[in-house]
Amino acid sequence: MAEKKISGSDILLRSLIHQGVEVVFGYPGGQIMPVYDRLMDYGDSLRHILARHEQGAIHAAQGYARAKGAPGCVIVTSGPGATNVITGVDDAMVDSTPVVVIAGQVPVSLLGTDAFQETDLIGLTTPITKWSYQIRRPEDIAWAVARAFYIAGTGRPGPVVLDFTKDAQIGLAEYVPAECSFIRSYNPHPVPSEEMIDRAAKMIDESRKPFCVYGQGIVLSGAEKELAAFLEKGNIKAGSTLLGLSALPSDHPNYVGMLGMHGNVTGNILTQECDLLIAVGMRFSDRVTGKLSTYASKARIIHIDIDPTEIGKNIPVELGILSDAKVALSRLTEKITARKSDEWGMEHIMCRAVEQHRVIDPELHSEDAELHPGEVVDAVASATGGNAIVVTDVGQNQMIAARYSKFTSTRSFITSGGLGTMGFGLPAAVGAKIGTPGKTVVLFVGDGGLQMTEQEFGTIKQEGTGVKIVLLNNNWLGNVRMWQELFFKKRYSFTRMVNPDFKMLADAYGIDCMNVETREELKEGIGRMLSDDKPFLLNVHVQENSMVFPMIAPGKSIDEIMLNEKDFFDREK
């Protein structure tokens, strides 16, 4: 006997549950109301988080996905509801974050008529998604949802958009659970050939000074243990991209720190001095490579990546291996010869000593009355034992948090990397906490980024989400101000911020808050913040003119590292 026909809205919700979805982030509106009406009856199976803006909803879904390791899900209405998620869709595409966006759409009969809140969402999102599809019939819903989650979560993960017409929402059809494990011409699990692995192993064994550069691909493939085993057997030093942070514990003996524009001196110098560069799960972003023509100029290069478009795109490589990082590293570790010692000698030790003396010590042990952002992050890292999930916004807060946070476990650093989306931090932290309620989630955010999505304090209030917010408050758009000082002759064009009373704002949302201006208050405030699992805003007033060093200027080689302002202005003379 055939099952009774049900509405497309019910089919959608049952399909989400079938795909393992437990939480959806969203905002109701006219063209998605049939779904929201039915959602009331699925409360035991689907938890809905009401964001205060659709951009907040998708950033929260991104934070959820990055922390939990499962696709995030967003439901919004058509028109402005759908366009408000596009920033997050693009962010998810660049940073390989699996999210599925379900957006309402006008009835099929009104498509193309400029009906109220009609927008060509497929046309808008096709260039910035792995797949965009318009559902017009209820019979197609289960198939489309299964396909969407398969595409979003496999291979190089990314966003998928389903444009859900009113006809499909209210139409009736039988619900048949759908599965998707194969799509013609889509190969999310490429297998490296034995010949490629053998060639790579031979190159590694022949090298004298190998160096590994790894990115978020390690985290996305779950290859953390394989990476550590590979580095340890080959006695290979390694550095991380921004999004690769936390894939290795901060105290791993082979780890030399973050790479790139504001990366550690040691990793950048070793990149330039190595004779073999092994790149795994990273895309050679300009923020990592600096001047392309001089990047790793002494090295043969092996690039392992699951996305064929990345291999050779920015940096020519001698050997490209199309593979999941977990598979490639596991097979390489079996093949390479165990190496008892390296030939780096004192080079990496000296680099670390120089950075410690000229950058780290002055920032962490400043005698200035005003707090340096670095000492704030360092104090939080010490108080949490490196066990927190660190979320950042974009700007100086992001780079300082990346430099001074400590990590003991993977999936512990969440930030907007490739797109650099200010406003990402607060909603992403909410999503991360909802995805991992047993973890401490600490957000580092600037006063500019916080005010872009501060409405999500309302989500925190409604859900009681215990996010710890550390506001590095300097009354400026700090990163832009820094660039204006260095590259635009100190012409501070529209970067000064006149801020609200953040404590009063937090009080309005029932969020405990403490203002901090001294080191004694900082210690007290961190203690209060971490004393329970309730939301907390630590409003820390930091140096207004603080800079982020080391720094490699745009267009410069990564061995042209500036350790402080004096280095910069000496070079400009």
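Residues numbered from 1 in each chain as written. Predicted model: local features only at pLDDT ≥ 70, side-chain atom pairs only at ≥ 80, totals over all residues. Heavy atoms only, no water.

> Explain helix α21 (residues 478–487) to me, please; I cannot follow it from the model alone.
Three or four residues apart is the spacing at which side chains of an α-helix point the same way, because the helix has 3.6 residues per turn. Looking at α21, one finds that the buried residues are Gly478, Arg481, Met482, Gln484, Glu485 and Leu486. At the C-terminal side of α21, Lys489 shows a positive phi close to 55°. (Buried < 20%, exposed > 50% of the residue type's maximum accessible area, 1.4 Å probe, protein only. Helix = DSSP H or I, 4+ residues; strand = E, 2+ residues; numbered from the N terminus.)

> Mind showing me how you'd approach the environment of Glu226 here?
Mapped onto the elements, Glu226 comes out in helix α11 (residues 224–234). The class of Glu226 is buried, set by a relative accessible area of 19%. The spacing of Glu226 and Val327 is 101 residues in sequence and 8.6 Å in space, taken between C-alpha atoms.

> Looking at this structure, I do not really get the packing of aromatic side chains. What am I missing?
Tallied over the entire structure, the rule returns 10 aromatic pairs. Considering the side-chain rings of Tyr150 and Tyr186, the 5.9 Å spacing of their centres and the 85° angle between planes classify their relative orientation as edge-to-face. Placement of Tyr150 in helix α7 (residues 141–153) and of Tyr186 in the loop between β8 (172–173) and α9 (194–206) is noted, with a sequence separation of 36 residues between them. Given the relative accessible area of 11%, Tyr150 is considered buried. Geometrically, the ring pair formed by Phe284 and Tyr295 is edge-to-face, given 5.8 Å between the ring centres and 80° between the ring planes. A residue pair is termed long-range when its members are at least 10 positions apart, and Phe284 in the loop between β12 (276–280) and α13 (286–289) and Tyr295 in the loop between α13 and β13 (300–305) qualify at 11 residues. Owing to a relative accessible area of 2%, Phe284 belongs among the buried residues under this scheme. The structure contains a cluster of three or more aromatic residues connected by ring pairs, namely Trp131, Tyr133 and Trp143. One Lys or Arg, Arg147, reaches over the ring of Trp131 and ends 5.1 Å from the middle of that ring. Against the face of Tyr404 rests Arg403, its NZ or CZ located 5.4 Å from the ring centre. (Phe/Tyr/Trp six-rings, centres within 6.5 Å; stacked < 30°, edge-to-face > 60°. Lys NZ or Arg CZ within 6 Å of the ring centre and 35° of its normal.)

> Explanation requested: the sheet that holds strand β16 (residues 413–414) in the structure shown.
Within a sheet, neighbouring strands are paired by backbone hydrogen bonds and run either parallel or antiparallel to one another. With parallel pairing, 6 strands are arranged side by side in an open sheet as β16-β15-β17-β18-β20-β19. Each edge of the open sheet is held by one strand with a lone partner, namely β16 and β19 (512–516). On top of the sheet, helix α18 (residues 425–435) reaches β15 (389–392), β16, β17 (441–446) and β18 (468–473); it is set at about 175° to β17, its chief contact. (Pairing = 2+ DSSP bridges. Contact = heavy atoms within 4.5 Å. Axes fitted to C-alpha atoms, helices over the stretch in contact; angles between N-to-C directions.)

> Would you mind going over unusual backbone geometry with me for this structure?
For residues besides glycine, phi is generally negative; the peptide bonds are generally trans as well. A cis amide bond links Phe549 to the next residue, Pro550, at an omega of 0°. Here Pro550 lies in the loop between β20 (536–541) and α24 (565–572).

> Help me understand the domain arrangement of the protein, please; the structure alone is not making it clear to me.
Where interface size is quoted, it is often the accessible area lost as the parts come together. When cut into domains, the protein gives domain 1 (6–173), domain 2 (194–347) and domain 3 (369–541). Facing 7 residues of domain 1, the contacting portion of domain 2 comprises 7 residues. Together, Arg66, Asp95 and Arg156 form the three largest contributors to the area buried by domain 1 at its contact with domain 2, with a combined 64%. Across the domain 1-domain 2 interface, the total number found is 2 salt bridges. Between Arg156 and Asp307 there is a salt bridge, with its nearest N and O atoms 2.8 Å apart. If you look at where domain 1 meets domain 2, you find 4 residue pairs in polar contact (both at pLDDT 80 or more). Per-class residue counts for the side of domain 1 that touches domain 2 are 2 nonpolar, 2 polar and 3 charged. (Domains from an automatic or database assignment. Buried area = accessible area lost by both parts, 1.4 Å probe. Salt bridge = Lys/Arg side-chain N within 4 Å of Asp/Glu carboxyl O. Polar contact = N/O pair within 3.5 Å; in protein donor to acceptor, adjacent residues only side chain to side chain. Nonpolar A, V, L, I, M, F, W, Y, C, P; charged D, E, K, R; others polar.)

> Help me understand the packing of helix α3 (residues 54–68) against α18 in this model?
Axes are the key here: two packed helices are described by the angle between their axes and the distance separating the axes. Between α3 and α18, whose axes approach to 6 Å, the crossing angle comes to 45°. By the angle between their axes, α3 is oblique relative to α18. Considering only the axes of α3 and α18, their crossing is right-handed. From α3, Gly56, His59, Ala60, Gly63, Tyr64, Ala67 and Lys68 reach across to α18, where they touch Pro427, Ala428, Gly431, Ala432, Ile434 and Gly435. (Parallel < 35°, antiparallel > 145°, perpendicular 65-115°, else oblique. Left-handed = near helix turned anticlockwise from the far one by under 90°.)

> I tried to follow the pairing of β18 on my own but got confused; where do I start?
For β18, a buried count of 6 out of 6 residues is recorded, marking the element as mostly surrounded by other parts of the structure. Neither face of β18 is exposed, since Lys468, Val470 and Leu472 on one face and Ile469, Leu471 and Asn473 on the opposite face are all buried. Pairing of β17 with β18 involves 5 bridges; the strand directions are parallel. Following the sheet pairing, Leu443 is matched in β18 by Ile469. In the sheet, β18 pairs with β20 via 6 bridges, with the strands oriented parallel. Opposite Leu472, over in β20, you have Val540 as the bridge partner.

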